[in-house]
Every structure is written in C-alpha cells, then in structure tokens.
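# Descriptive analysis of the structure
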Amino acid sequence: MLGIFFAGCGPPDTTRIELRAYLARTKSWAPVEAEANRTITRILATQFVDEAEIRRQIADSRPRILTHLEHLRGYAPRSPDIARIHARYVAAWETLLGGYDAIEQGFSSGDYAKLARGREAMEAWRREIEAVAGELRELMEHFGIEAPGVLESRSRPGVLQRSTQRTKSSARPAATA
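About the cut-offs
All chains use their own residue numbering, which begins from 1 and follows the written sequence. Only residues with pLDDT of at least 70 are given local features in this predicted model, and only at 80 or more are side-chain atom pairs given and counted; all residues enter the totals for whole chains, interfaces and linings. Each side-chain value is worked out from all heavy atoms of the structure, with water and hydrogens disregarded. Comment: elements are numbered from the N terminus, with helices defined as DSSP H or I runs of at least four residues and strands as E runs of at least two. Computed with the Shrake-Rupley method and a 1.4 Å probe, the accessible areas treat only the protein chains shown as cover for residues. Under the scheme applied here, a residue whose accessible area is under 20% of the maximum for its type counts as buried, over 50% as exposed, and between as partly exposed, the area being computed with a 1.4 Å probe on protein chains only. Charge counting treats Lys and Arg as positive and Asp and Glu as negative, with His and both chain ends excluded. Salt bridges are identified by distance alone: a Lys or Arg side-chain nitrogen within 4 Å of an Asp or Glu carboxyl oxygen. Between N or O atoms, a polar contact is any pair within 3.5 Å; within protein, one atom must be a potential hydrogen donor and the other a potential acceptor, and residues adjacent in sequence are included only when both atoms are from side chains. Here, residues are in contact when the closest pair of their heavy atoms is within 4.5 Å. Pairs were defined over the aromatic rings of Phe, Tyr and Trp, the Trp ring being its six-membered one, requiring ring centres within 6.5 Å. Orientation was assigned from the angle between planes: stacked under 30 degrees, edge-to-face over 60, tilted for the rest. What we call a nonpolar core is a set of buried Ala, Val, Leu, Ile, Met, Phe, Trp, Tyr and Cys residues that are connected through their side-chain atoms within 4.5 Å. To estimate how far a helix should extend, the number of its residues minus one is multiplied by 1.5 Å. Angles here are taken between N-to-C directions and fall from 0 to 180 degrees, while the axes themselves are lines fitted to C-alpha atoms, restricted in helices to the stretch in contact. An angle below 35 degrees is treated as roughly parallel, one above 145 as roughly antiparallel, one from 65 to 115 as roughly perpendicular, and anything else as oblique. If you view the pair so one helix is near and one far, a crossing is left-handed when the near helix is turned anticlockwise from the far one by less than a right angle, and right-handed when it is turned clockwise. Residue type decides the class: Asp, Glu, Lys and Arg count as charged, Ala, Val, Leu, Ile, Met, Phe, Trp, Tyr, Cys and Pro as nonpolar, and the leftover types, Gly among them, as polar.

### A few points about the overall build of the chain
Across its full length, the chain holds 6 helices and 0 strands. Going from the N terminus to the C terminus, the chain shows its helices and strands as α-α-α-α-α-α. Carbon and sulfur atoms make up 54% of the accessible area of the chain, which amounts to about 9,500 Å² in all.

### A look at the side chain of Glu18
Note on placement: Glu18 falls in helix H2 (residues 12-45). Buried charge Glu18 goes without a salt bridge, the closest partner of opposite sign being Arg78 at 5.3 Å. Side-chain polar atoms of Glu18 contact the backbone nitrogen of Arg78, separated by 2.9 Å. Those residues in contact with Glu18, other than ones at most four positions away along the chain, are Tyr75, Ala76, Pro77, Arg78, Ser79 and Ile82.

### Regarding the packing of aromatic side chains
In the structure shown here, the tally under the stated rule is 5 aromatic pairs. Geometrically, the ring pair formed by Tyr22 and Trp29 is edge-to-face, given 5.3 Å between the ring centres and 80° between the ring planes. Consider the rings of Trp29 and Tyr89, whose centres lie 5.2 Å apart with planes at 20°: the pair is stacked. One end of the pair, Trp29, is in helix H2; the other, Tyr89, is in helix H4 (residues 80-109), with 60 residues separating them in the sequence. Given the relative accessible area of 8%, Trp29 is considered buried.

### Considering the nonpolar core
Residues Leu19, Phe48, Trp93, Leu96 and Met122 are the most contacted members of the largest nonpolar core, which totals 37 residues. Those elements that place two or more of their residues in this core are H2, helix H3 (51-73), H4 and helix H5 (112-143). Examining the composition of this core, we find that 11 residues originate from one element, H4, more than from any other. With near-sequence residues (within four places) excluded, Phe48 lies in contact with Ile43, Ile54, Ile103, Phe107, Leu115, Arg119 and Met122.

### What about H4?
Taking 1.5 Å of rise per residue, the 30 residues of H4 would be expected to cover 44 Å, and the 42 Å separating its terminal C-alpha atoms lies within 8% of that figure. Just downstream of H4, Gly110 is the residue with a positive phi angle, here 80°.

### Some details on the packing of H2 against H4
Close contact between H2 and H4 brings their axes to 11 Å; oriented N to C, the two are set at 15°. Put simply, H2 runs roughly parallel to H4. Relative to H4, the crossing made by H2 is left-handed. Across the interface between the two elements, Thr15, Glu18, Leu19, Tyr22, Trp29, Val32, Glu33, Ala36, Thr39, Ile40 and Ile43 from H2 touch Asp81, Ile82, Ile85, His86, Tyr89, Trp93, Leu96 and Tyr100 from H4. A class-by-class count of the residues in the contact of H2 with H4 yields 13 nonpolar, 3 polar and 3 charged.

### Points about unusual backbone geometry
Working note: non-glycine residues mostly have negative phi, and peptide bonds are mostly trans. The phi dihedral of Gln47 is positive, around 55°, even though this residue is not glycine. Inspection of the secondary structure puts Gln47 in the loop between H2 and H3. Taking the relative accessible area as the measure of exposure, Gln47 reaches 63% and is therefore exposed. Even without being glycine, Phe48 reaches a positive phi, approximately 60°. Classification of Phe48 by relative accessible area gives buried; the value is 16%.

Taken by themselves, the reported measurements are silent on function.
So, in structure tokens, the structure goes:
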C-alpha cells in the first residue's frame, strides 16, 4: 500500500532530504505542542465550570499558537508528501484556535453548543497531531530514516491524551505526557 501511496510523490531524494529537514523543525515545534496539550488538559480538567480559569488559559495560550502558526505558514515544503503533511499540521493548529474562539463565544453567549464545539476542536487537535506524527513515521520508515525522540512519543496513539484523573480533593494537578 505504501508503494501506491508514494508512487507519484516526487523524486525520492528530494522527499528524503526535505523529510530530514522537516523532522529537524519538528524538534523546535515540540515545546509549543507540549504546552498546547497541557493547556487543553487544564481546560478539560475544569469540566467547563470555571469560566475565568478557562478564559485565562486561552488568553495565555493563544499568542503562542498565533506565533507558531505564523512560523508554520512561512514554511513552504517542495515535496508533495511533506506539503500534504504540513498542510494537515497547520490545519490542526487552526482548528485549535477555532475551538478557543468557540469556547469564548459560548461563554459570552451562554450557548453550550459552542462550548461543545470548542471541546471537540481541542480533541480534534490532539488526534491530528498524532495522525501527522504517524504519517511522518510512515515516511521515515519508507525512506529508512531514524526517528528523533520527539516524533517517537507523538506517533504512539494516546500519548498526547495520557493524564491522571483528579478529584476535587487532589493536591496535585493532572499530569500529561
């Protein structure tokens, strides 16, 4: 199946070279991903009861994501494989911002459906980040490229979502991967 998938994807050397460069970039993007994931975990832990805390979390997170998106949009892959994966990665971040907007609109209007859409967008972001990592892993395997540690952890399903349950009496915050 991978042979069919990669058949029309441009010269293998170009893709291999660009894949290595893209993987190097993902290392610098990992801290932004990790912080976004921690923010999502903190928001979800409130169960949407603490509006002020959620708004604070979003206000703190949004500038980092906007800066990250600016950098991502400035990168134009030449390889069709990398371009497709990168477009999916950018779209995931745009989805997360849209989720933040929906949550804020939901609180402002009292429209709980918007809060639900915001929650769904945050969960979709996690799924997409893992899916992008999985696609990169497939390309790496196809070209025989070793995985950097950052991608390894993201490409395993459930890694971004892993957390511990917390009760109201718990003194420790939820831990994330």
